[in-house]
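Observations on the three-dimensional arrangement
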Amino acid sequence: MTVTTPKGFLASGVAAGLKSSGGKDLALVVNQGPTYDSATVFTANRCKANPVLWSQEVVKDGTVRAVVLNSGGANCYTGPEGFQTTHAVAEKVADGLGFGAIDVVVCSTGLIGLANDREDLLAGVDAATAALAADGGVQAAEAIMTTDSVSKNVVLEGAGWSIGGMAKGAGMLAPQLATMLVVLTTDAVVPAPELDAALRAATRVSFDRLDSDGCMSTNDTVTVLASGASGITPTPEDFTAALTQACTDLAMQLLKDAEGADHEIAITTLHAASEDEAVEVSRSVARSNLFKAAIFGNDPNWGRVLASIGTTSAQFDPADLDVAMNGVWVCRTSTPAEDPATVDLTGREVSVTIDLKSGDARATVWTNDLTHAYVHENSAYSS
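Residues numbered from 1 in each chain as written. Predicted model: local features only at pLDDT ≥ 70, side-chain atom pairs only at ≥ 80, totals over all residues. Heavy atoms only, no water.

1. Here's the deal with the overall build of the protein chain
How we decide: Strands here mean DSSP runs of E at least two residues long; helices mean DSSP runs of H or I at least four residues long; both are numbered from the N terminus. Between the two quantities, the radius of gyration covers C-alpha atoms and the globule rule is 2.2 Å times the number of residues to the power 0.38. Exposed residues in this analysis have more than 50% of their type's maximum accessible area, buried residues have under 20%, and partly exposed residues fall in between, with area computed by a 1.4 Å probe over protein chains only.
Looking only at helices and strands, the protein chain features 10 helices and 15 strands. Taken against the 2.2 N^0.38 rule, which gives 21 Å for 383 residues, the C-alpha radius of gyration of the protein chain at 21 Å falls within 12% of a compact globule. By its C-alpha atoms, the protein chain is 65 × 50 × 35 Å across when sized along the principal axes. Split into buried and exposed, the 383 residues of the protein chain put 57% on the buried side.

See the structure below:
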């Protein structure tokens, strides 16, 4: 169930001394080929961390041979010295594995403004290189955790080929992507342009629809590597469907591990004039602290849903909206309908359905409730 399940990949996770806890904090994933095709998407935040600035250049030619990731510090807004540290880490990985630094994606996660100790990182890279193994995916997934309570892994089997993946993220989950690092691997034969198209299609309906707390990270990176070791070339449709399933699985794992959350909420907008408008409406509800606080208190307050819909530019008649919560249509034609007291919100999973009656498009955005535990976690965060 890891990034090393597909053929042609090695991984490791070690303790480099970046975390005060002494836990694993540096991971390495290596593509052994025979092909080294890749695709990557990054945060849409204009304020980007040094590893993102470096990796944006690395991925331009569609070739990536290794991904090195550290937790314990984001290496964001750490000045020229921070970028030089990122470069030095890539060079260290490349030297140890026998290829160029320009083929090494670097990822970091943790506190912004915290300068990672370069010597610790470089020593950690040496240790991670020595520890590379065909079953090292579990250790790699553990090494990228920050406030995560569990590691996140996924494997999907195709017809003679497979996809593996690992992710980290538990807070600042918002588009584009989430506060997350994700590495996906496949032994299918997929050229870089097709990988890029498949990854963008997959993230558009998975990570980009995850909006736990409306905060966008500076470090988000999702990379997919294709080794071609299976010798099998799936159809673009089959590969995109499998990659989308893998990304959605990881996104749901991120949602369930969101900091301090008591509920996972799926907000689906139906009969919108366009998919973009459906997303806009669902996201408006996901971003409402009033709505999220109500769910925390097990209160099916559908009025807060309508109020959020009204802030959007979507097409709808304000006097003709329907809203259901956990299958109970508490609002019909913008008026009270079924008894809200019959809505059971005691379980973790909550569904909200909105009918705009303006078209045929639909979309779902996922979020969490707003809890005391979330506030506590983010008032005293440490890496």
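2. Structural notes on the pairing of strand β15 (residues 361-368)
The condition is simple: By the convention used here, strands pair only if DSSP detects at least 2 bridges between them.
Along β15, 7 of the 8 residues are buried, which leaves the element largely enclosed by surrounding structure. Bridge count for strand β10 (residues 264-272) against β15 is 7 bridges, and the pairing is antiparallel. When the bridges of β15 are listed, T269 appears paired with A363.

3. As for the pattern of salt bridges
Here is the rule we go by: Salt bridge criterion: a side-chain nitrogen from Lys or Arg within 4 Å of a carboxyl oxygen from Asp or Glu.
Counted under the stated rule, the structure contains 16 salt bridges. For K92, the salt bridge goes to D126, with nearest N and O atoms at 3.4 Å. Pair noted here: K92 is in helix α2 (residues 79-97) and D126 is in helix α3 (residues 118-131), with a separation of 34 residues, a long-range link. A relative accessible area of 27% places K92 in the partly exposed class.

4. Digging into unusual backbone geometry
Look at the link from G33 to P34: it is a cis peptide, with omega at 25 degrees. By the element assignment, P34 lies in the loop between β2 (26-31) and β3 (37-42). Here the phi dihedral of T333 falls at roughly 45 degrees; this positive angle occurs in a residue that is not glycine. Relative to the assigned elements, T333 resides in the loop between β12 (328-332) and β13 (335-336).

5. Remarks on the nonpolar core
Definition in use: Side-chain atoms within 4.5 Å are what join buried Ala, Val, Leu, Ile, Met, Phe, Trp, Tyr and Cys residues into a set we call a nonpolar core. Residues are treated as being in contact if the distance between any of their heavy atoms lies within 4.5 Å.
Ranked by internal contacts, the top residues of the largest apolar core, which has 46 residues, are L26, L28, V67, V68, L69, V104 and M166. In this view, V104 contacts W54, V58, A66, V68, A90, V93, A94 and F99; residues no more than four positions away in its chain are not counted. The next biggest cluster of nonpolar side chains, apart from the first, holds 33 residues, and it includes A39, A198, L199 and V222.

6. Focus on the UniProt feature "binding site: substrate" (unreviewed entry) in the protein chain
Operational definition: UniProt positions are given in the numbering used here, feature names are shortened, and annotations may be inferred rather than shown by experiment.
Within this structure's numbering, the places UniProt gives as "binding site: substrate" (unreviewed entry) are T146, K168, T179, E259, N378 and S383. Tracing the backbone shows T146 in the loop between α4 (137-143) and β6 (152-157).

7. Focus on the sheet that holds strand β1 (residues 9-14)
Here is the rule we go by: Note on method: axes are straight lines fitted to C-alpha atoms, helices fitted across the in-contact stretch only, with angles between N-to-C directions ranging 0 to 180 degrees.
Strand order in the open sheet formed by 4 strands is β1-β2-β4-β5, with mixed pairing between adjacent strands. Two strands close off the open sheet at either side, each with one partner strand: β1 and β5 (104-108). Mean inter-strand twist for the sheet, computed between neighbouring axes without regard to direction, equals 10 degrees. Judged from the 6 bridges that link them, β1 and β2 form a sheet pairing that is antiparallel. Following the sheet pairing, A11 is matched in β2 by V29. Packing against the sheet, α3 makes contact with β1, β2 and β4 (66-70), and its axis sits at approximately 135 degrees to β1.

8. Focus: the confidence of the model for the protein chain
Rule in force here: Residue-level confidence of the predictor is summarised by pLDDT, bounded by 0 at the bottom and 100 at the top.
Looking at the protein chain, the pLDDT average stands at 93 and 94% of residues meet or exceed 70. A low-confidence stretch, residues 172-178 (pLDDT under 50), is modelled with 46 contacts involving residues beyond four sequence positions or located in other chains.

9. A closer look at the pairing of β4
A large share of β4 lies buried, amounting to 5 of its 5 residues. Burial of the side chains of β4 extends over both faces: A66, V68 and N70 are buried on one face and V67 and L69 on the other. One ladder, built from 5 bridges, connects β4 with β5; its direction is parallel. Looking across to β5, one finds that N70 is bridged to S108.

10. Structural notes on helix α5 (residues 192-204)
Stated precisely, the cut-off is as follows: Expected helix span is computed as 1.5 Å times (number of residues minus one). For this quantity, the arc is that covered by the directions from the helix axis to the C-beta atoms.
Look at α5: 18 Å from first C-alpha to last across 13 residues, which is about the 18 Å you get at 1.5 Å a residue. Those residues of α5 that fall on the buried side of the exposure criterion are A192, L195, A198, L199, A202 and T203. Taken down its axis, α5 places every buried residue within 125 degrees of arc, on the same side. Among the structural elements, β3, β8 (181-186), β9 (221-226) and α6 (236-256) are those in contact with the buried residues of α5.

11. Remarks on α6
In this model α6 runs 30 Å from its N-terminal to its C-terminal C-alpha over 21 residues, within 8% of the 30 Å that 1.5 Å per residue would give. Here α6 has its buried residues at F239, A242, L243, T244, A246, C247, L250, A251, M252, L254 and L255.

12. Thoughts on the side chain of T364
This is how the line gets drawn: Polar contact criterion, stated in full: a pair of N or O atoms within 3.5 Å, where within protein one must be able to donate a hydrogen and the other to accept it, and residues adjacent in sequence count only if both atoms are side-chain atoms.
With respect to the secondary-structure elements, T364 resides in strand β15. By relative accessible area, T364 is classed as buried at 19%. At 2.7 Å, the side chain of T364 forms a polar contact with the side chain of T268. For T364, the residues in contact, after removing those within four places along its chain, are R209, A266, I267 and T268.

13. Looking at the sheet that holds β9
Where strands meet in a sheet, backbone hydrogen bonds hold them as pairs that are either parallel or antiparallel. In spatial order, the strands read β3-β9-β8-β7-β6; together these 5 strands make up an open sheet with mixed pairing. Each of the sheet's edge strands pairs with one partner strand only, and the pair in question is β3 and β6. Put simply, the sheet's adjacent strands are angled 10 degrees from each other on average, direction ignored. As judged from the 6 bridges shared by β6 and strand β7 (residues 162-168), these two strands associate in the antiparallel manner. Its bridge partner lying in β7, L156 is registered against I163. Across the sheet, α6 touches β6, β7, β8 and β9, and the angle it forms with β6 is around 155 degrees.

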